[in-house]
Every structure is written in structure tokens, then in C-alpha cells.
Amino acid sequence: MNSARFIHAALLFYAASAFAQTPRLWNGLRQGPHAVGFKFERQFDHARPYQNEREEQGRLIKNRGRPMQMFIWYPAETSKSAKPLRYEEYLYLNDTDSEPWQWRAEHKQAVLENYAQELEAFGGNLQPLLATETAAVKDAQAARGKFPLVIFGAGSGTGGHVYSVLCEYLASHGYIAIAHTALGLQKGERWPFDARGLETQMRDLNFILNYAYRLPHVDADKLALASWSVGGVAQALLQMQNTDVDALLSLDAATGYEYGRDLMKASPWFDYKKMRVPYLHMHGELPPRYNVPKNFEFYDSLAVAEAYLLSFKKLLHADFTASYGAAQHTLIKTERSAEAIASYEIVCQYALNFLNAYLKGDKSARGFIRQTPASLGLSEVLSDVKMKLRE
């Protein structure tokens, strides 16, 4: 496929509305009517001890409960004097050992080592990434009103920063988006791909949901769950358990893979008949780095919910995140970066329109997601859009 034609198709899709002052990692995304505020909240789930009572040196640990590291993006008032956060601040906020915003050198290094695989592409030259300005302003004044809530699920070992570009983008368009740091069952352990791991993720999500409902600007009647990779399994199960969920957004989540299907079916909460909310699954067609078989039984089995299945021609699994995708392709140019960036922006546009359609009742957004790639001028970007419509 001609790369220039591909990029031109994507540019035509959003160029007319591109916002001149958007942050670097946003590339051509259009900012919404709001500025982007950011709040970090660490709370402890004391019903689930995360570490031993004492440190190795014998000192008593004050908070043994499981730390819930919540990254909260929200619509904010515009301020000309506001100073945006740097990307490194997102990264360091994943550290559970230091006080937020007060990182010592050894804590910073520990974080970078923990996300070494994610940062590998930078070849040790992390300064361009760490110094990159984001769209978010710490503790910015919140915009007036109440806004729909989108809770993002955790992958295996992902940080709260992994969705940053999409969360910033949604906040600018009138959503409160919350992501969190993925942790193992206990400190120092890796997250297990089994029933224990799923239960932990579901309890994490419920803890976050309870916290989020207390936020003054959250519209508790409008709730969506969104996730990448394995986090999509826990979110699908949570929707089957919780009738308050209004929509399910999959950024190439495990609901489109064989291993995700098997994990989900092993859960006592699994029941396709209880999957009754709109579902959007987006995935890429490029050959994966690892052989992880796909499976669309989840989509195929939905008998009540409206559902959409989108196939992106030029995306890998990792490209559906900001940390592995947008950040790397923006700052490290490869032969496929331009196509990956253009495709990711279309992913964000679809995510926004899906949420606008089903959380805000926006008829034009619903009309958009029901169009064919050809009618949108996106035949070079999307190979297929399947739909299950109920009206």
C-alpha cells in the first residue's frame, strides 16, 4: 500500500478541525472546548494487605493496604499561566514507595527500570520523552458541571500513564477519565494470568468506582469502561456484574483474543447474556511481535448489545496505547511511524464518537460510527467495520 496515500486519507479525516496548539504527542488530534486538568490520588485498600507488617530493617510499615494509584484527567477551565505537566511526572507517579510529587533519584531510577521494556525503543536516551510537555495541568480548576466517567483498566504491569493521550483528549471533550497503576497481588510479585489476577483487577476497579462516584463533577449515571490488552477481561466481567455500566470500549483488549476468552469463561461471573451494553472493539492487522491468537467469540456472541468491530490495517497491539504507540512513534521516527500516528488518531476519534453516542446521546456521533470506511474516506486506514445494530 502506498504510504503517502494512507497518510493523506487520515489527514483528510481530521485536518479541517486540527487544533494549532495541541501538545506534541497529540499530533493532529483536535482539542475539545475544555482545558485538561489532572489530579493524582493515592488511597489504600486496607482489606487487602499489600506488603509485610515490617520492612527488612524492622521498621513498622504505616500503610500496609493495597495502594490504589489513580490518575484522574478532567475538564478544566482555561488558564494562560498554567504550566503543563511533563511526561516524566506521569511516569514517576506510578512509584508506590515515595510521596507523590516528591521523588528521590533512586525512586525515579526504579520506575524507569520497572518500565524498561516500554522504554526500550529509546535506547537509553530518555530525555526527549521525559521532558515532553503533556496537555494536562496539575490541580487545575475544574470546569463547571457534571461529566460522564470513563474508567480505564490495567494491563499486566502497565502504569497509569499508558492511556495518557486518549485520557487527555477525552477530558478536553467533557469526560472524566481515570486510569491506575497495575500492581501484582503482593509487593514485588508480577500479576498472574489466572483467576486470582482477574479477581484482583475487579476489586481494584470496584475500589476506583466507589472513589470516583464521590467526585463532585462526576455524572454517576453515565459510566463507560475502557481497556487495552488483558485489562479488558476484568472489565467485561465487571460489566456482567454491574448494571450501572453503560458502554464497553476495547482498545485491542483481550476480549478479542483466545487467552482472554478462556480467562473470562473460567470466571464465575461469566455470562454472555448479561453483556447488554454497547461494545466497540478495535484491533490491528499487522503481524504481532508474539504469536497470540485472536478470537472474536465475545463480539459474535453478543445477542442484545449493539456492537462494532473495527480492523486497522497498519496497527500493532502496542500501537493502541500512548506509551508504546504515540510517544514512541512521535519521538522516534521509523518507517511505519507516520502511518501508526495517523491510525492512532483515528482510534481516538472513534473512541470519542462511541462514547458521545452512548453516554451523551449524540446522534451525529452515532451516525459517524455507523458509516463505512469508504464513506468516511478511510479505506486506506480501516479494512473492515462490522456492526450489530438494534434499531
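Residues numbered from 1 in each chain as written. Predicted model: local features only at pLDDT ≥ 70, side-chain atom pairs only at ≥ 80, totals over all residues. Heavy atoms only, no water.

Remarks on the overall build of the protein chain
Condition: Numbered from the N terminus, helices here are DSSP runs of H or I no shorter than four residues, and strands are runs of E no shorter than two. With C-alpha atoms as the basis for the radius of gyration, the globule rule is written as 2.2 Å multiplied by the number of residues raised to the power 0.38. A simple rule labels every residue: compare its accessible area, found with a 1.4 Å probe on the protein chains alone, to the largest value its type can have, and call it buried under 20%, exposed over 50%, or partly exposed in between. Any two residues whose heavy atoms approach within 4.5 Å are treated as being in contact. All accessible-area figures derive from a Shrake-Rupley calculation using a 1.4 Å probe, and residue coverage is judged against the displayed protein chains alone. We score Asp and Glu as negative and Lys and Arg as positive, and we do not count His or the chain ends. We put the charge of a Lys on NZ, of an Arg on CZ, of an Asp on CG and of a Glu on CD.
Of the regular secondary structure elements, the protein chain holds 13 helices and eleven strands. Relative to the 2.2 N^0.38 estimate, which gives 21 Å for 391 residues, the radius of gyration of the protein chain is 20 Å and therefore close to what a compact globule would have. Judged by the C-alpha coordinates and their principal axes, the protein chain covers about 65 × 50 × 45 Å. By residue count, 58% of the 391 residues in the protein chain fall in the buried class. Long-range contacts, defined here as pairs at least 24 residues apart, represent 78% of the contacts in the protein chain between residues at least 6 apart. Looking at the protein chain as shown, the accessible area adds up to about 17,000 Å², and 48% of this sits on carbon and sulfur atoms. Taken together, the 43 basic and 42 acidic charged side chains of the protein chain have centroids lying 3 Å from each other.

What to know about the environment of G184
Inspection of the secondary structure puts G184 in the loop between strand 6 (176-180) and helix 7 (195-212). In this structure, the C-alpha to C-alpha distance between G184 and Y50, residues 134 residues apart in sequence, is 8.9 Å. When neighbours within four sequence positions are excluded, G184 is seen to be in contact with Y50, R66, E189, R190 and W191.

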